[in-house]
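Coordinates in review
So you can see what is in the structure, the chains are spelled out below.
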Amino acid sequence: MASIQGFRGHAMVGARSTAAIRFQGSFLRVGIARIAFSSVETPLNKFGSLKSSSRMDPPQACNSTVALPLLSISEVTERLRAFHESGARNQEYMAMYSSIVGGVTTHPAAMVIFMDDHMVHRGHGIFDTAAIMDGHLYELDQHIDRFLRSASMAKIDPPFDRSTMRSILIETVSISKCTHGSLRYWLSAGPGDFQLTPSGCTGPAFYAVVIRVHSLPSPSGCKVVTSTIPMKPQQFSIMKSTNYLPNVLSKMEAEEKGAYVGIWLDEEGFVAEGPNMNVAFVSKQKALIMPNFDKILSGCTAKRVLALADRLMADGRLTGVRVGNVTVEEGKKAEEMMLIGSGVIVKPVLQWDDQFIGDGKEGPIAQALYDLIVEDMKSGPTTVRIPVSY
């Protein structure tokens, strides 16, 4: 039973009944067949939020009225503002760019997109990220390159050329005044209708959001499990699209089992990736091993780890670096296992299913690679650090 907060009323409709809905003095009668809601008095708050109730009464027919407000644009704006100020959102959104409005807003309540945007109701969109560290964008160009490859695979033509999109992203970060955080950006087939293809859309839309993050993720160890959620087919797994339902379900399944994330295996049974990060191993021979990128997302952080790993080879901590097929048996018998991605940087895995990895403790190579990436974010070459003028 759904109860709408803010007003009082009873919602009960049955076979051949109608519900009369009040809109500021007028009534709209909606015919409803063979649907019944329990008789519940529904105190509603002024924001019109929904709560669920476990109470269920036997179906019965009656006519009732649910009072819903018809809101003006100013009232909608005020309620969006109140919703944000209520603390319901748990991240600090510093700025949003939208090509639909042609500018940037710094008020989180205004950071919205249309429901008929095909990225919302069809998942026809792609996205990417870049970390903000000490007023610099880390690996922005590498992420934009992948962004454009994803756009091509998703058959979405960007509304701007690469240089213009890059400038928009840098300027959005500048307006945000955020020096530590995350830049996330999307390319959508655009708003226009609720049809399947974007043929009726107004054109592609480009969005970006800056999120303040106060600290880097901790390199603490975690447990993973083998995911039972089917992995996306290759055509979609190598594309960073907004269709992340398999990824979400894999992560939720892992959390239900007391683990951090699930690990996907490809159709041949080889280790693939996590729901939003790559996987790597250190063999007993001290070689760093990563699965092939041909069936999984080409991780920018993972590729940077492979490049920086040369330093560990130079000082003897690693004997080699290999990208190739990794069996589950090989992975579980590794000296170290780790998750790699912009959201975790390098996170050691201490246990996979019922098998402890190595001695079940955080390993030195995972820590060394974490330190190398953090150092690279703070003082790396200009090829990976783009300064932002505030």
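About the thresholds
- Residues numbered from 1 in each chain as written.
- Predicted model: local features only at pLDDT ≥ 70, side-chain atom pairs only at ≥ 80, totals over all residues.
- Heavy atoms only, no water.
- Pairing = 2+ DSSP bridges.
- Helix = DSSP H or I, 4+ residues; strand = E, 2+ residues; numbered from the N terminus.
- Axes fitted to C-alpha atoms, helices over the stretch in contact; angles between N-to-C directions.
- Contact = heavy atoms within 4.5 Å.
- Salt bridge = Lys/Arg side-chain N within 4 Å of Asp/Glu carboxyl O.
- Buried < 20%, exposed > 50% of the residue type's maximum accessible area, 1.4 Å probe, protein only.
- Patch = residues over 30% accessible without salt bridge, like charges linked within 9 Å, V, L, I, M, F, W, Y side chains within 5 Å.
- Areas by Shrake-Rupley, 256 points an atom, 1.4 Å probe, with all protein chains shown as cover.
- Expected span 1.5 Å × (residues − 1).
- Bend = angle between axes of the 7 residues up to and from the residue.
- Core = buried A, V, L, I, M, F, W, Y, C linked by side-chain atoms within 4.5 Å.
- Phe/Tyr/Trp six-rings, centres within 6.5 Å; stacked < 30°, edge-to-face > 60°.
- Lys NZ or Arg CZ within 6 Å of the ring centre and 35° of its normal.
- Parallel < 35°, antiparallel > 145°, perpendicular 65-115°, else oblique.
- Left-handed = near helix turned anticlockwise from the far one by under 90°.
- Nonpolar A, V, L, I, M, F, W, Y, C, P; charged D, E, K, R; others polar.

Things to note about the sheet that holds strand β6 (residues 92-98)
- Taken in spatial order, the 7 strands line up as β7-β6-β11-β10-β8-β9-β20 in an open sheet, and their pairing is antiparallel. Of all strands in the sheet, those bounded by a partner on one side alone are β7 (103-105) and β20 (385-387). Neighbouring strand axes in the sheet, compared pairwise and without regard to direction, differ in orientation by 25° on average.
- Of the strand pairs in this sheet, strand β10 (residues 181-188) and strand β11 (residues 205-212) are connected by 8 bridges, and their pairing is antiparallel. Paired with R184 across the bridge in β11 is V209.
- The strands touched by helix α3 (residues 140-153) are β8 (125-133), β9 (136-138), β10, β11 and β20; relative to β8, the strand with the most contacts, the crossing angle is about 175°.
- Where helix α4 (residues 162-176) meets the sheet, its contacts fall on β6, β7, β8, β9, β10, β11 and β20, and the angle it forms with β11 comes to roughly 35°.

A few points about the pattern of salt bridges
- Following the criterion strictly, the structure yields 17 salt bridges and no others.
- In this structure, the salt-bridge partner of D141 is R166, at a minimum N-O distance of 2.7 Å. Linking D141 in helix α3 with R166 in helix α4, this pair joins segments that are 25 residues apart in sequence.
- Put simply, K295 and D266 hold a salt bridge, and the shortest N to O gap is 3.9 Å. Separated by 29 residues along the polypeptide, K295 in the loop between β15 (287-290) and α7 (300-314) and D266 in the loop between β13 (261-263) and β14 (278-282) bring together distant segments of the chain. There is no split in this pair, since K295 and D266 are both buried.
- Salt bridges sharing partners connect three or more residues here, namely D141, D145, R162 and R166.

Notes on a nonpolar patch on the surface
- A contiguous nonpolar surface patch, about 410 Å² in accessible area, is contributed by L71, I73, V76, L80 and V112.
- Turning to its location among the elements, V76 is positioned in helix α1 (residues 73-85).
- The exposure class assigned to V76 is partly exposed, which follows from its relative accessible area of 33%.

A word on α7
- Taking 1.5 Å per residue, 15 residues should reach 21 Å; α7 reaches 23 Å between its end C-alpha atoms and fits that length.
- Of all the bends in α7, the largest measures some 30° and sits at A307.
- One or two steps after α7, the chain reaches G316, where phi turns positive at roughly 90°.

Some words on the nonpolar core
- Counting 33 residues, the largest nonpolar core has L288, M290, V305, M338, I340, V346 and L369 as its most contacted members.
- With 9 residues, the single largest contributor to this core is helix α9 (residues 364-379).
- Leave out the neighbours within four places in its chain, and V346 touches P219, V305, M338, L339, I340, A366, L369 and Y370.
- Of all hydrophobic cores here, the second largest spans 27 residues; its members include Y97, L140, L183 and A208.

Considering the packing of aromatic side chains
- If you walk through the whole model with that rule in mind, you get 6 aromatic pairs.
- Residues F281 and W352 carry aromatic rings whose centres are separated by 6.4 Å and whose planes lie at 25° to one another, so their mutual orientation is stacked. On the criterion of sequence distance, the pair formed by F281 in strand β14 and W352 in strand β18 (residues 345-352) is long-range, its members being 71 residues apart.
- What makes W352 buried here is its relative accessible area of 0%.
- Sitting over the face of the ring of W352, K332 holds its NZ or CZ atom 5.3 Å from the ring centroid.

Quick look at the environment of Y93
- Note on placement: Y93 falls in strand β6.
- Taking the C-alpha atoms as reference, Y93 lies 8.9 Å from S176; in sequence the two are 83 residues apart.
- Once residues within four sequence positions are removed from consideration, Y93 is found in contact with P108, M111, V209, V210 and I211.

Re the packing of α3 against α4
- Taken N-terminus to C-terminus, the directions of α3 and α4 make an angle of 130°; their axes are 11 Å apart at the nearest point. Judged on the interaxial angle alone, α4 and α3 are oblique. Note that α3 runs across α4; the crossing there is right-handed. In contact with L140, D141, I144, D145, F147 and L148 of α3, α4 contributes R162, M165, R166, L169 and I170.
- In the contact of α3 with α4, the residues fall into 7 nonpolar, no polar and 4 charged.

Here's the deal with the packing of α7 against α9
- Taken N-terminus to C-terminus, the directions of α7 and α9 make an angle of 110°; their axes are 10 Å apart at the nearest point. By the angle class used here, α7 and α9 are roughly perpendicular. Contacts from T301, R304, V305, L308, A309, R311 and L312 in α7 reach I365, A368, L369, L372, I373, E375 and D376 in α9.
- Split by residue class, the contact of α7 with α9 holds 9 nonpolar, 1 polar and 4 charged.

In short, shape yes, function no, at least from these values alone.
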